[in-house]
Amino acid sequence: MKLQRKNRLRALSLGALAVSGALALTACGSDDTGDTTGGGASSSAKADGSNIKCDDAKGQLLGIGSSAQANAVDAWRQAYAQACSDVQINYKPDGSGAGVTAFNQGQVAFAGSDSALKPEEVTASKKICKTGQGIDLPMVGGPIAVAYNVSGVDNLVLDAKTLAQIFDSKITKWNDPAIAKLNPGAKLPSTKIQAYHRSDESGTTDNFTKYLKATAASDWKYEGGKAWQAKGGQSAQGSSGLAQQVKQTDGAISYFELSYAKDGVKTVDIATGAAAPVKATTENASKAIADAKIIGTGKDLALELNYATKAEGAYPITLVTYEIVCDKGNKPDTLAATKSFLTYTASEEGQAALADLGYAPIPTEINAKVRETVASIS
């Protein structure tokens, strides 16, 4: 796939959120969402489902992919189930890599991924999408929080250089001079740093390491991708696994979506070169996503994020979760449910249901194109 068209994104709709669950007809698999959302969706899924159009949607649907969107999918499926009782939606947040693999093996109708399809993955998708190919639909943006657990330290500032050295096992103590310089007056202990990364292939890892490559190239020499490449450190499965390790381990630091940074988990402020360090918030992530470009062609809406942004208040470590679907050649037995559910998730009602879950808005013009594309898939 050649990436040719680049359009500057414009205004963000601060009241709009969109992400969708990966769907596929399946005869096996269990619903893992309840284990990863921590019940957060119940307080935010306030939509009554009155505007959902079920059409001919029916059957059991399984989504596999990004754990970043697990909380969003859980909120949506609760509201959707109220309107469309003939459809059972289960979502397995096994990671972006697993989602793409499942899609290109024909196991799912949709995959959730925090990274756009690579050219070779698009080529592979043509075997599944008999008359078309896989395309990327950006559905939700959000900050990748750098979370930490250091006794006695309630506020912490780090920059790209120190983060690269921490996750490459070059900085190993919390009172290292490089950290102390960024945090004058802080009582930093000599506690050993316990850096945790994803054990599974993850779009969150891909985006986090893209940030390190873009902003600390001299300290981060790894190629990047969904699989973690740096030596040392410890690992855990999924964003929920990383969050649990941070909560229970003194000296821990890790990266995961802001929606998992709860129950007292503290997050790092990032020094970007702007006038003040930037906090991990949805509003600040939106400012960074506004600086993105469309690089997909045709119906593909892959984005290029500017990880090196120095705009005031722009949080640079962000991701966009894509739903991957065939533009043409979708399976007839899942097409109706796919279009019905994705139409709901991209609607104003579906977006509003996620306002309290820590997700950042997708630009209005992109969301409009997502809706058009969902309506056109066949």
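Since we're looking at a predicted model, the values are computed, not measured.

## Some thoughts on empty space enclosed by the protein
Vacant regions in the atomic arrangement are exposed by a probe of water-molecule size rolled over the atoms. Inspection of every chain in the model, using the stated rule, returns three cavities of 30 Å³ or more. The space that makes up the largest cavity amounts to roughly 50 Å³. Around the largest cavity, the lining residues are Ala68, Val140, Gly141, Gly142, Pro143, Glu257, Leu258, Ser259, Leu319, Thr321, Gly358 and Tyr359. Elements supplying a minimum of two residues to the lining of the largest cavity: strand 5 (134-149) and strand 14 (318-326). Ranked by residue count, the leading element in the lining of the largest cavity is strand 5, at four residues. Counted by class, the lining of the largest cavity contains six nonpolar, five polar and one charged residues.

## Focus: the state of the cysteines
With the rule as written, the count across this model stands at two disulfides. Here Cys54 connects covalently by a disulfide to Cys84, the sulfurs 2.0 Å from one another. Torsion about the S-S bond of the Cys54 and Cys84 cystine: about -95°, corresponding to left-handed handedness. In this pair, Cys54 is assigned in the loop between helix 1 (33-36) and strand 2 (59-65) and Cys84 in the loop between helix 2 (70-83) and strand 3 (87-92), connecting sequence segments 30 residues apart. Per residue, the accessibility class of Cys54 equals that of Cys84, and both read buried. Between Cys129 and Cys326 runs a disulfide, and the two sulfur atoms are separated by 1.9 Å. Residues Cys129 and Cys326 are joined through a disulfide that is left-handed, its torsion about the S-S bond being -75°. Note that Cys129 is positioned in the loop between helix 4 (119-125) and strand 5 and Cys326 in strand 14, a separation of 197 residues in sequence.

## A word on the pairing of strand 2
With respect to burial, strand 2 is a largely interior element, five of its seven residues being buried. Pairing of strand 2 with strand 3 involves six bridges; the strand directions are parallel. Bridged to Leu62 within strand 3 is Asn90. Considered for its hand, the β-α-β crossover made up of strand 2, helix 2 and strand 3 is right-handed. With two bridges connecting them, strand 2 and strand 4 (residues 111-113) associate as parallel partners.

## Looking at the nonpolar core
Formed by 94 residues in total, the largest nonpolar core has its most connected members in Leu163, Phe167 and Ile253. Counting residues per element, this core draws most heavily on strand 5, at nine residues. For Leu163, the contacting residues outside a window of four places in its chain are Val146, Leu158, Tyr211, Leu212, Ile253, Ile270 and Ile317. Core analysis: the second largest hydrophobic core is formed by 12 residues, Leu62, Val100, Ala102 and Ile324 among them.

Parameters and conventions
Residues numbered from 1 in each chain as written. Predicted model: local features only at pLDDT ≥ 70, side-chain atom pairs only at ≥ 80, totals over all residues. Heavy atoms only, no water. 1 Å grid on protein atoms, 1.4 Å probe; cavity = no way out; pocket = protein on both sides within 12 Å on 5 of 7 lines; lining within 4 Å. Points joined across faces, edges and corners; volume = space filled by probe spheres on them. Helix = DSSP H or I, 4+ residues; strand = E, 2+ residues; numbered from the N terminus. Nonpolar A, V, L, I, M, F, W, Y, C, P; charged D, E, K, R; others polar. Disulfide = S-S within 2.5 Å. Buried < 20%, exposed > 50% of the residue type's maximum accessible area, 1.4 Å probe, protein only. Pairing = 2+ DSSP bridges. Right-handed = clockwise from strand over helix to strand, strands pointing away. Core = buried A, V, L, I, M, F, W, Y, C linked by side-chain atoms within 4.5 Å. Contact = heavy atoms within 4.5 Å.

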